[in-house]
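Chains, contacts and geometry: an overview
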Amino acid sequence: MKNFILGIVAGLLAALLGWQIYDFFRPAESSATEWTDADDTDYAEDRDPAKAAENAASVDMRPFALSRFGRAPLTLGDLDSSAVGNTLFVRYAATACPPCVAHVRAAVSDFAEASPDARIVMLISGESLRGLHVREKEDRGRYSYFAVDSLPLDCYAGAQPVIFYLSPSGRASRFFVQEYGDSVGARAFLGLNES
C-alpha cells in the first residue's frame, strides 16, 4: 500500500515537473493587448449621446423591474399608464458622480416647485430599499423612489445621472445625460429659466 501511494505521489510530481518544463520552454506571449483605433471608436460610441438616443429609442423599458420598500415588485409598465408620457424619470446609481447628482437634484427640485402637479420618479441602483424609503420621507413625498438593477440609458454604468420621459410605447422619447461640469444643462432640459 505504501509503494502504491508513493507511486501516485511520484507520478503527480513527474506530471507537475513536465508541465513546468513545458511552460519554461514555451514561446512567450505578449501579455499586453494592443489598443486599436477601432477599440477607441467602440468605447466612444458607448458614451455618445446620439448612440444612446438610438439605443433608447429601440428598447421597450416597460418590462424593467422596480422595487420599493414594503411594496410588491413591479415594472416600469405597471406605473400609471396615463401619466407615463408626463412622468419625469431621473435615473442614477448610488455611486454616481456626486456633483452631477447635486446638479440634477437641484434642477429637479426647482422643476417640482415650478410644476407642483408633475409626477417625478427617481430610479436608483445600488442603494437599499430602506435607504430609498427614508429619502422619500425626507423629500416629503415629492418624488417616488424605486430601486432598479439596470435600465437602458445607463451611461457610464449609471455613474452619470439621466433625466428622461417615456413615450406611451415604453421607449425614451426625450432624455438628458448630466455630464461633469455642466451646471445648466439639466435646468435647460427641464425648461427652467435662468434668473
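Everything discussed here concerns the structure shown above.
The following refers to the structure shown. (Residues numbered from 1 in each chain as written. Predicted model: local features only at pLDDT ≥ 70, side-chain atom pairs only at ≥ 80, totals over all residues. Heavy atoms only, no water.)

Let's talk about the packing of aromatic side chains
The relative placement of two aromatic rings is captured by the distance of their centres and the angle of their planes. For the structure on display, the rule yields four aromatic pairs. The interplanar angle of 35 degrees and the centroid separation of 6.2 Å between the aromatic rings of Y165 and F189 together place this pair among those described as tilted. On the criterion of sequence distance, the pair formed by Y165 in strand β6 (residues 162-166) and F189 in helix α6 (residues 185-189) is long-range, its members being 24 residues apart. The exposure class assigned to F189 is buried, which follows from its relative accessible area of 18%. Plain terms: the ring middles of F176 and F189 are 6.0 Å apart, the flat faces sit at 25 degrees to each other, and that makes the pair stacked. (Phe/Tyr/Trp six-rings, centres within 6.5 Å; stacked < 30°, edge-to-face > 60°. Helix = DSSP H or I, 4+ residues; strand = E, 2+ residues; numbered from the N terminus. Buried < 20%, exposed > 50% of the residue type's maximum accessible area, 1.4 Å probe, protein only.)

Section: the pairing of strand β3 (residues 87-93)
Among the seven residues of β3, seven are classified as buried, and the element is accordingly described as predominantly covered. A two-sided burial pattern is seen for β3, the buried positions comprising T87, F89, R91 and A93 on one face and L88, V90 and Y92 on the other. Where β3 meets strand β4 (residues 119-125), seven bridges bridge the pair, whose relative direction is parallel. By the bridge assignment for β4, L88 is matched with I120. For the crossover that starts at β3, traverses helix α4 (residues 98-114) and ends in the parallel β4, the hand is right-handed. The pairing of β3 with β6 spans three bridges and is classified as antiparallel. (Pairing = 2+ DSSP bridges. Right-handed = clockwise from strand over helix to strand, strands pointing away.)

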